[in-house]
Amino acid sequence: MVLDKVNKWFDQLHVLRDIDLSVGAGEVVVVIGPSGSGKSTLCRCINRLETIDSGSICIDGVPLPEEGRELARLRAQVGMVFQAFNLFAHKTVLQNVTLGPVKVLRRPKSVARERAMDLLERVGIADKADRYPAELSGGQQQRAAIARALAMEPKLMLFDEPTSALDPEMIAEVLDVMVGLARDGTTMIVVTHEMGFARSAAQRVAFMDQGRIVEVAAPEQFFSDPETERARDFLSKILAH
Amino acid sequence: MEAVLDNLDFYASGVLSTVTLTVASWAGAFVLGVVVAAFRVGPVGPLRAAAATYVELVRNCPLAVLFVLFFFGLPDAGLTLPTYTTAVVVLSLYTGTYVAETVRSGINAVAAGQAEAARSLGLSFTQVLAGVVLPQALRTVVAPLGSLFIALIRNSSIAFTIGVVELTGTTSQIGNRTADYTAAFLAATTAYLLLTLPSGIAVDALERRVAVKR
Ligand SMILES: Nc1ncnc2c1ncn2[C@@H]1O[C@H](COP(=O)(O)OP(=O)(O)OP(=O)(O)O)[C@@H](O)[C@H]1O
Ligand SMILES: [Mg+2]
């Protein structure tokens, strides 16, 4: 996936400024940065939940189309995991996971169900398949949401602060799943402040500030000896806690 | 009292006529209302505008005026329908505006993240609406939709003004024949309450059954 000079405004507010970023197949990139720096907006643009004002976003060399059916199809190639889980409240976990494959990929129900059970097994909540989201803990809900995104067999997975709505003991179970995905060669962009995850799973860390990607470095390099003043400043703040 | 007891079979057929008129009109109003609500939240500008215009125009007219307007207006426009069908059309159009607004409020009450998650899976606008947003929206508005249904039972009596012989029309004939309008309409009032009060209880039960846990 390649972003080339992507710009995005919310009215007067310039939220993304000349973003250049390429993520290779199987690569894991962690995006980090202060609140309001545009990390969520970046994810939402890659998934076209927001439109961009200039520049281009290509997946496998194909630019994201503007609107319509074509867009919906390409969107399915990018899986998104939200901070707030956003599981469909009126559907069971299993129905959440099979909805996309059945409606978008037109898989037969039985095939979709079998594959969904494999995925739920993989994220460790196969026993919750017939439960409704409200009956699950936050960590279990987020793992269900990861399974739902994986069920579309996306080329790229986006995670927007997947653990920041979770209690500490649940953070580990979600991060474990994500580390497993990274090991298996899933291409991932992960917005997170979990340095442990960045260190163990990411090839690169991209630091964002005020709508720009200010610095891109290997995790070890970035956390021990960041190049820019802004990154040093930011790290000292999050390490202070 | 005799006026009533001698005419129980007439009352029964009046009640039946009111029930079928209500159910047929509700089916029309519900389908129309959901479609119009979908247009109002949809991405197509002209459909949004048309839906908003329909709702504002029809909802702000007195129902009795609409009945008379359609009763004379449809034949003048070259469309002659049985009176009963005209009544179903008017009641559907009128109640449909309220259903549309109620469903729209339900749609707006569904968390934005639900539609975003559905869009991010690659579902089309229609699939997002039909598969994710509407099922949740409708569950949250069962009670107000139930109130509309009960209002429709009551409003169906206005079909009497264009000559539909439903419960009110039947009662008027009985009153006329027996010259005891008070007794005739006390019985009609009872019959309407026997329709509306249990409907309210049924709506409450339905609401409890379909509630989504959050
Ligand atoms: N829909 C919107 N309309 C207007 N402004 C918005 C919208 N969404 C985000 N913004 C603004 O864009 C900027 C970037 O927001 P964004 O959510 O991308 O930041 P973030 O880096 O994800 O922050 P956080 O760490 O708090 O999640 C912020 O100033 C925010 O107020
Ligand atoms: Mg954010």
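Here, the structure is the one placed above.
Below you will find a few notes about this structure.

Conventions adopted
- Residues numbered from 1 in each chain as written.
- Chains lettered and ligands numbered in written order.
- Predicted model: local features only at pLDDT ≥ 70, side-chain atom pairs only at ≥ 80, totals over all residues.
- Heavy atoms only, no water.
- Helix = DSSP H or I, 4+ residues; strand = E, 2+ residues; numbered from the N terminus.
- Buried < 20%, exposed > 50% of the residue type's maximum accessible area, 1.4 Å probe, protein only.
- Contact = heavy atoms within 4.5 Å.
- Areas by Shrake-Rupley, 256 points an atom, 1.4 Å probe, with all protein chains shown as cover.
- Lys, Arg positive; Asp, Glu negative; His and termini not counted.
- Charge placed at Lys NZ, Arg CZ, Asp CG, Glu CD.
- Near = heavy atom within 4 Å.
- Polar contact = N/O pair within 3.5 Å; in protein donor to acceptor, adjacent residues only side chain to side chain.
- Nonpolar A, V, L, I, M, F, W, Y, C, P; charged D, E, K, R; others polar.
- Patch = residues over 30% accessible without salt bridge, like charges linked within 9 Å, V, L, I, M, F, W, Y side chains within 5 Å.
- Salt bridge = Lys/Arg side-chain N within 4 Å of Asp/Glu carboxyl O.
- Pairing = 2+ DSSP bridges.
- Arc of directions from axis to C-beta.
- Axes fitted to C-alpha atoms, helices over the stretch in contact; angles between N-to-C directions.
- Parallel < 35°, antiparallel > 145°, perpendicular 65-115°, else oblique.
- Left-handed = near helix turned anticlockwise from the far one by under 90°.

### Some words on the overall build of chain B
Within chain B one finds 10 helices and zero strands. Taken across its 214 residues, chain B has 47% of its residues classed as buried. A fraction of 76% describes how many contacts in chain B between residues 6 or more apart in sequence connect residues 24 or more apart. Accessible surface, chain B: about 10400 Å² in total, of which carbon and sulfur atoms supply 68%. Side chains of chain B give 12 positive and 11 negative charges; the mean places of these two sets differ by 19 Å.

### Structural notes on the site of ligand 1
All names here are of chain A. The immediate surroundings of ligand 1 are formed by F10, L13, V15, P34, S35, G36, S37, G38, K39, S40, T41 and E161. Residue S35 places a side-chain N or O atom 2.6 Å away from an oxygen atom belonging to ligand 1. Between ligand 1 and the protein, one listed contact pairs an oxygen atom with a side-chain N or O atom of K39 at 2.7 Å. Among the elements that line the shell around ligand 1, the one with the most residues is helix α1 (residues 39–46), at three residues. Looking at the shell around ligand 1, its residues break down into four nonpolar, six polar and two charged.

### Focus: a negative patch on the surface
All names here are of chain A. Together, E114, D118, E121 and D127 make up a negatively charged patch on the protein surface. Structurally, E114 can be placed in helix α4 (residues 109–122). On the basis of relative accessible area, E114 is assigned to the exposed category, the value being 59%.

### Some words on the interface of chain B and chain A
Across the contact, 20 residues belong to chain B and 26 residues belong to chain A. Our count for the chain B to chain A interface comes out at one salt bridge. R44 of chain A is the salt-bridge partner of E116 of chain B, the closest N and O atoms lying 2.7 Å from each other. In this assembly, chain B and chain A are joined by seven residue pairs in polar contact (both at pLDDT 80 or more). Broken down by secondary-structure element, the contributors of at least two residues to the side of chain B that touches chain A are α6 (112–120) and α7 (125–140) of chain B. Looking at the side of chain B that touches chain A, the element that brings in the most residues is α6 of chain B, giving seven residues. In the side of chain B that touches chain A, the residues fall into seven nonpolar, eight polar and five charged.

### Overview of the pairing of strand β4 (residues 54–59) of chain A
Consecutive side chains along a regular strand alternate between the two faces of the sheet. All names here are of chain A. When strand β1 (residues 2–10) meets β4, the two strands line up antiparallel, connected through four bridges. Residue pairing for β4: V2 is matched across the bridge by C58. One ladder, built from two bridges, connects β4 with strand β5 (residues 62–63); its direction is antiparallel. Across the sheet, residue C58 finds its bridge partner in β5, namely P63. Counting the residues between successive antiparallel strands, the hairpin from β4 to β5 contains two residues, one of them, D60, with a positive phi of roughly 50°.

### Observations concerning a positive patch on the surface
Residues and elements named next belong to chain A. A cluster of basic side chains, namely R69, K103, R106, K109 and R113, defines a positive patch on the protein surface. Within the secondary structure layout, K109 lies in helix α4. On the basis of relative accessibility, which here comes to 56%, the residue K109 falls in the exposed class.

### Let's talk about helix α9 (residues 229–239) of chain A
Residue and element names in this part refer to chain A. If you check which residues of α9 are buried, you get A231, F234 and L235. Taken around the axis of α9, the buried residues stretch over an arc of 100°, which confines them to a single face. Residues of α9 that are exposed and point over 90 degrees away from its buried face: E229 and K237. Its buried side turned inward, α9 meets β3 (28–32), β9 (204–209), β10 (212–217) and α8 (219–224).

### A closer look at the packing of α6 of chain B against α7 of chain B
All names here are of chain B. At a minimum axis separation of 10 Å, α6 and α7 run at an interaxial angle of 160°. With respect to each other, α6 and α7 are oriented roughly antiparallel. At the point where α6 passes α7, the crossing takes the right-handed sense. The segment α6 lies against α7, with Q114, A115, A118 and R119 engaging V128, V132, V133 and Q136.

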